[in-house]
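What the coordinates show
Residue-level listing of the chains:
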Amino acid sequence: MWRLRRAAVACEVCQSLVKHSPGIKGNLPLQKLHLVSRSIYHSRHPTLKLQRFQLRTSFQQFSSLTNLPLRKLKLSPIKYGYQPRRNFWPARLAARLLKLRYLILGSAVGGGYTAKKTFDQWKDLIPDLSDYKWIVPDIVWEIDEYIDFEKIRKALPNSEDLAKLTPDFDKIVESLSLLKDFFTTGHKLVSEVVGASDLLLLLGSPGETAFRATDHGSESDKHYKKVNLSQKLDHLQRELIHVKHLLKYQRILERLEKENKELRKLVLQKDDKGIHHRKLKKSLIDMYSEVLDVLSDYDASYNTQDHLPRVVVVGDQSAGKTSVLEMIAQARIFPRGSGEMMTRSPVKVTLSEGPHHVALFKDSSREFDLTKEEDLAALRHEIELRMRKNVKEGCTVSPETISLNVKGPGLQRMVLVDLPGVINTVTSGMAPDTKETIFSISKAYMQNPNAIILCIQDGSVDAERSIVTDLVSQMDPHGRRTIFVLTKVDLAEKNVASPSRIQQIIEGKLFPMKALGYFAVVTGKGNSSESIEAIKEYEEEFFQNSKLLKTSMLKAHQVTTRNLSLAVSDCFWKMVRESVEQQADSFKATRFNLETEWKNNYPRLRELDRNELFEKAKNEILDEVISLSQVTPKHWEEILQQSLWERVSTHVIENIYLPAAQTMNSGTFNTTVDIKLKQWTDKQLPNKAVEVAWETLQEEFSRFMTEPKGKEHDDIFDKLKEAVKEESIKRHKWNDFAEDSLRVIQHNALEDRSISDKQQWDAAIYFMEEALQARLKDTENAIENMIGPDWKKRWLYWKNRTQEQCVHNETKNELEKMLKCNEEHPAYLASDEITTVRKNLESRGVEVDPSLIKDTWHQVYRRHFLKTALNHCNLCRRGFYYYQRHFVDSELECNDVVLFWRIQRMLAITANTLRQQLTNTEVRRLEKNVKEVLEDFAEDSQKKVKLLTGKRVQLAEDLKKVREIQEKLDAFIEALHQEK
């Protein structure tokens with residue numbers, strides 16, 4: 001049977017060879033050929049293609065045909081349908097060749113299957129690393145942000161290109177079809193065929209498999225159909241490409257880490273203080289954060305203009321809001337307290353990717369290194385100070401936002417706003433409206449239709465005690481932008497009797513609110529000194545061993561703060577991409593409306609905002625201060641002398657001149673004058689002079705500040721200039737040494753009695769007359785007010801005296817009669833004189849008391865004395881000659897003229913000294929104070945808002961803000977499109 005089967009096969013081979021011989025007509029049907037024959041002579045048949053391998057190896061000469069004799073053979077030509085002539089050795093050769101092709105195909109099939117099986121075994125030996133993902137740095141999983149995998153995948157060769165690198169089995173089989181050349185080429189061709197067979201044998205399974213395939217052709221055919229080698233090889237190629245990708249990414253990661261370390265070393269070497277001044281290109285999230293900052297300044301009430309997304313973190317007090325935010329930021333950045341309210345104002349935290357883990361405030365250039373505990377403590381202290389500063393007196397919380405940027409490796413890019421915790425009861429020490437204020441702040445942020453609400457719920461307390469869920473359900477009833485987070489799950493699992501209750505909370509079945517997603521996190525063991533890394537390890541360990549995951553109550557993607565931050569970041573950027581262009585269009589329309597309003601109302605004015613107007617006013621004020629130095633010395637001395645005399649004239653006349661003039665002789669007069677002048681100079685005069693000088697400087701400064709400048713005057717600066725003037729004057733203090741120097745100068749001037757010429761004598765008399773006449777005028781007015789209108793005014797203006805005025809008038813008439821009798825009467829009335837006057841008045845029916853008589857006498861005697869002194873001045877005009885002779889042998893004594901000359905000379909010298917102090921020192925010090933006040937006002941935005949007001953200012957301010965917002969939005973949108 002074996003020989004018959006072998007002969008039949010050989011016969012078929014010979015018949016197929018006859019087809020290629022010349023002179024043979026007709027074709028043998030393909031279906032009648034043996035399967036292996038079809039694979040050899042019809043390699044292009046769709047069901048018989050073999051997959052090419054890429055492996056190569058050395059040839060091993062092993063075949064049963066290597067010892068065949070080298071003889072030249074010829075085949076007898078036959079026609080189709082005739083039985084060919086058969087010889088013994090050709091049939092034997094054909095049988096061996098047929099066995100060779102079985103060896104080839106069997107080795108290919110068996111070798112491919114064995115290679116696949118070996119690869120699967122090798123693959124099974126690799127441990128499952130899915131549980132150790134946390135070992136790999138976060139940047140590996142986020143490396144797609146830095147490497148474009150799509151470009152790499154397109155650059156890699158596909159399976160067809162790889163197949164081209166494998167040996168072409170079709171050509172090998174075609175070479176076997178040229179067996180007719182074997183008989184002409186001899187042993188060389190046989191060796192090549194044997195080498196190819198040995199190659200395939202090495203690629204395949206052991207020799208037993210190859211021979212079994214040769215002996216059982218039908219069984220190998222069935223096995224070949226079951227095992228689709230092309231699919232297996234495609235799968236292996238994909239696995240190989242994936243491994244290559246991982247290896248390549250690992251090399252890229254190692255290179256990036258090495259470069260990062262080198263760059264950090266360079267930065268630290270350049271910056272010894274630990275503050276990194278790096279001019280880097282702004283990231284996308286930083287640009288978006290700047291838009292929110294400008295928008296917050298423009299629209300602090302979050303009206304319809306502000307629909308830009310941000311993540312709003314809300315929750316009950318002590319629910320773990322701050323801890324969740326710190327886990328997302330990967331640093332302990334917020335002040336902590338045991339049960340008390342720590343978040344007293346909203347804190348906007350912008351998270352972004354960066355090489356260094358640092359934090360900085362929007363209005364400060366200082367960077368806090370979050371890897372150092374001392375910087376973390378300083379940051380927490382600074383946040384606490386800013387919160388206290390924002391909270392006004394009598395309040396507990398404030399709506400003013402603190403803006404903080406946090407950068408670090410592996411941080412998800414987003415903007416979060418940490419709000420004060422919602423409370424149910426106002427405790428002692430809180431303002432009565434604290435609860436309502438917190439609700440209003442939370443609603444103001446959550447009513448933004450694009451705000452993502454991160455609702456934090458404490459899992460360790462009863463769900464019925466939650467307040468924030470009702471508030472969230474009111475602001476987002478459909479849950480389209482709410483993410484629910486259950487904190488302290490470790491305590492919840494330990495304390496809650498029914499674990500299914502936690503599942504109900506996570507699924508949102510216990511609350512009326514709906515949410516996009518539900519998450520469960522663990523934010524530590526309650527120890528405030530616990531590090532972020534320790535909390536991460538504890539969280540990972542807890543959820544790996546938690547029954548909630550093992551019993552499928554929680555899903556793997558619903559746990560850990562890392563999954564939460566990834567989900568929040570994805571939702572945030574989705575909201576941003578969907579809403580930012582619409583917001584940009586809205587601000588374009590707002591800008592057009594504001595520009596149109598400005599053109600119609602202020603067509604000839606530039607659009608100066610509040611800061612630009614302040615700079616303009618600042619320059620004007622400084623110019624006006626400088627103009628003080630242009631005041632002439634003569635003007636300074638005139639106004640100083642006049643102002644000083646107005647201040648001291650009453651004291652000179654009432655306390656010095658009048659008491660001395662009532663003495664009986666010139667010696668007593670001069671002694672009294674010298675004593676009183678010395679006392680006055682030591683105690684009051686220098687201080688009065690400095691006050692006069694300072695008031696004069698203020699008046700001149702105010703005059704330059706407030707006087708209109710004609711058409712160029714802008715009344716919008718009036719309030720600012722007035723405030724600067726008042727604050728500068730309040731801060732200015734005269735030089736402390738000025739009084740001491742003035743005291744010496746004034747004392748020397750008052751001691752001098754030598755009038756050098758007649759001109760000075762006349763000037764002193766004129767000065768004395770003016771002073772006495774002014775005092776006499778004041779006395780006349782006082783008497784007139786005391787006694788009422790005289791008969792002319794009563795007759796012409798129909799005015800009448802009151803009863804008290806009539807009594808004063810009768811008393812005045814009685815006292816004047818007394819003075820006429822004794823014109824040299826002293827300044828004071830004796831008791832008997834007062835009694836006499838009262839009795840005389842009572843005899844006429846006028847009831848008076850002694851105090852009224854004394855008051856009336858004071859004014860009557862003053863008028864009498866001043867008139868007498870003025871008459872004496874006229875007599876002293878000719879007294880300079882007697883003065884030069886020291887009034888020897890003369891009845892005329894003009895010591896009062898000498899007194900006024902001394903006062904006049906003291907005033908002139910004092911005015912000159914004060915003028916020098918003003919021009920040399922005090923004007924410059926005032927200018928310095930004005931600059932300091934302007935600098936302080938420039939930093940106080942509330943001050944500028946208060947002092948620069950009006951529709952024009954507000955319109956320019958809104959226009960500038962809208963333009964700035966639009967420009968930043970356009971830049972952000974452009975960067976967002978480039979990132980895509």
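Use the structure listed above.
One structure accompanies this document, and this report is about it.

So, how was this worked out
- For every chain, the first residue of the written sequence is number 1, and numbering continues from 1 onward in sequence order.
- Per-residue local features are limited, in this predicted model, to residues with pLDDT of at least 70; the limit for side-chain atom pairs, both in listing and counting, is 80 or more; totals at the level of whole chains, interfaces and linings are taken over all residues.
- Hydrogens and waters are ignored; side-chain quantities use all the structure's heavy atoms.
- Helix numbers and strand numbers start at the N terminus; a helix is a DSSP run of H or I with at least 4 residues, a strand a run of E with at least 2.
- When the sulfur atoms of two cysteines come within 2.5 Å, that pair is taken as a disulfide.
- The classification of residues rests on relative accessible area computed with a 1.4 Å probe and restricted to protein chains. Under 20% of the type maximum is buried, over 50% is exposed, and intermediate values are partly exposed.
- In a helix, the anticipated span is given by 1.5 Å times the number of residues less one.
- The criterion used for residue contact is that any of the two residues' heavy atoms lie within 4.5 Å.
- The patch calculation keeps residues exceeding 30% relative accessible area without a salt bridge and links them within 9 Å when they carry like charges or within 5 Å when they are nonpolar (Val, Leu, Ile, Met, Phe, Trp, Tyr).
- Accessible surface is estimated by sampling points in the Shrake-Rupley manner with a 1.4 Å probe; for residues, cover comes only from the protein chains shown.
- Criterion for a salt bridge: a side-chain nitrogen of Lys or Arg within 4 Å of a carboxyl oxygen of Asp or Glu.
- Positive: Lys, Arg. Negative: Asp, Glu. His and the chain ends are not part of the count.
- All charge positions are set by atom: Lys at NZ, Arg at CZ, Asp at CG, Glu at CD.
- Strands qualify as paired when DSSP identifies two bridges or more between them.
- The aromatic pairing rule takes the rings of Phe, Tyr and Trp, using the six-membered ring of Trp, and pairs them if the centres are within 6.5 Å, calling planes under 30 degrees apart stacked, those over 60 edge-to-face and the rest tilted.
- Any Lys NZ or Arg CZ that is within 6 Å of a ring centre and within 35 degrees of that ring's normal is treated as a charge sitting over the ring.

Moving on, we come to unusual backbone geometry. The backbone of Gln 330 sits at a positive phi, close to 60°, despite the residue not being glycine. Along the chain, Gln 330 falls in the loop between helix H14 (321–329) and strand S2 (347–353). The backbone phi angle of Lys 488 is positive, close to 55°, even though this residue is not glycine. Relative to the assigned elements, Lys 488 resides in the loop between strand S8 (482–487) and helix H18 (489–495).

With that settled, the discussion passes to the state of the cysteines. The final tally for this structure, using the stated rule, is 1 disulfide. Two residues, Cys 876 and Cys 894, share a disulfide whose sulfurs are 2.1 Å apart. Taking the sign of the S-S torsion, -100° for the link of Cys 876 and Cys 894, the bridge is left-handed. Of this pair, Cys 876 sits in helix H33 (residues 850–876) while Cys 894 sits in the loop between helix H34 (880–884) and helix H35 (895–939), placing them 18 residues apart in sequence. Just as Cys 876 is buried, Cys 894 falls in that class too. Cys 873 takes part in no disulfide bond, and the closest cysteine sulfur to it belongs to Cys 876, at a distance of 6.5 Å.

What follows is about helix H16 (residues 434–446). Its 13 residues give H16 an end-to-end C-alpha distance of 18 Å, which sits within 8% of 18 Å, the value for a rise of 1.5 Å per residue. If you check which residues of H16 are buried, you get Thr 434, Thr 437, Ile 438, Phe 439, Ile 441, Ser 442, Tyr 445 and Met 446. Those residues of H16 that are buried lie in contact with strand S1 (311–315), strand S6 (414–418), strand S7 (452–458) and helix H17 (468–475).

Turning our eyes to something else, we now look at a negative patch on the surface. A cluster of acidic residues, Glu 932, Glu 935, Glu 939 and Asp 940, forms a negative patch on the protein surface. Assignment of secondary structure puts Glu 932 in helix H35. Looking at Glu 932, the relative accessible area reads 32%, which means it is partly exposed.

A word on the environment of Pro 789. Note that Pro 789 resides in the loop between helix H29 (758–787) and helix H30 (791–797). The spacing of Pro 789 and Lys 799 is 10 residues in sequence and 7.0 Å in space, taken between C-alpha atoms. Aside from chain neighbours lying at most four places away, what touches Pro 789 is Arg 794, Lys 799, Asn 800, Arg 801 and Gln 805.

Turning next to the pairing of strand S5 (residues 402–408). A large share of S5 lies buried, amounting to 6 of its 7 residues. The sheet contact formed by S2 and S5 spans 7 bridges and is parallel. Paired with Val 349 across the two strands is Leu 404, which belongs to S5. Relative to S5, strand S3 (residues 358–361) is paired through 4 bridges, and the arrangement is antiparallel. Residue pairing for S5: Val 358 is matched across the bridge by Lys 407.

What the rule picks out here adds up to 40 salt bridges. Its salt-bridge partner being Arg 703, residue Glu 700 comes within 2.6 Å of it at the nearest N-O pair. Residue Glu 700 and its partner Arg 703 are both found in helix H26 (residues 685–706); the two are separated by 3 residues, about one turn of the helix. A residue is classified by how much of its surface remains accessible, and Glu 700, at 8% relative accessible area, is buried. The partly exposed category is assigned to Arg 703, whose relative accessible area is 36%. Put simply, Glu 816 and Lys 812 hold a salt bridge, and the shortest N to O gap is 3.3 Å. Taken together, the positions of Glu 816 and Lys 812, both in helix H31 (residues 803–821) and 4 residues apart, correspond to about one turn of that helix. Residue class for Lys 812 comes out buried when judged on its relative accessible area of 9%. Each of the salt bridges in this network shares a partner with another, and the network as a whole consists of Arg 591, Glu 595, Glu 607 and Arg 963.

All chains considered together, the criterion is met by 17 aromatic pairs. Every member of this aromatic cluster is reached through a ring pair, and the members are Trp 645, Tyr 657, Phe 767, Trp 857, Tyr 861, Phe 865 and Phe 900. Stacked on the ring of Phe 361, the Lys or Arg Arg 386 has its end atom at 4.0 Å from the ring centre. In this structure, Lys 944 is placed above the aromatic ring of Phe 614, and the distance from its NZ or CZ to the ring centre is 5.6 Å.

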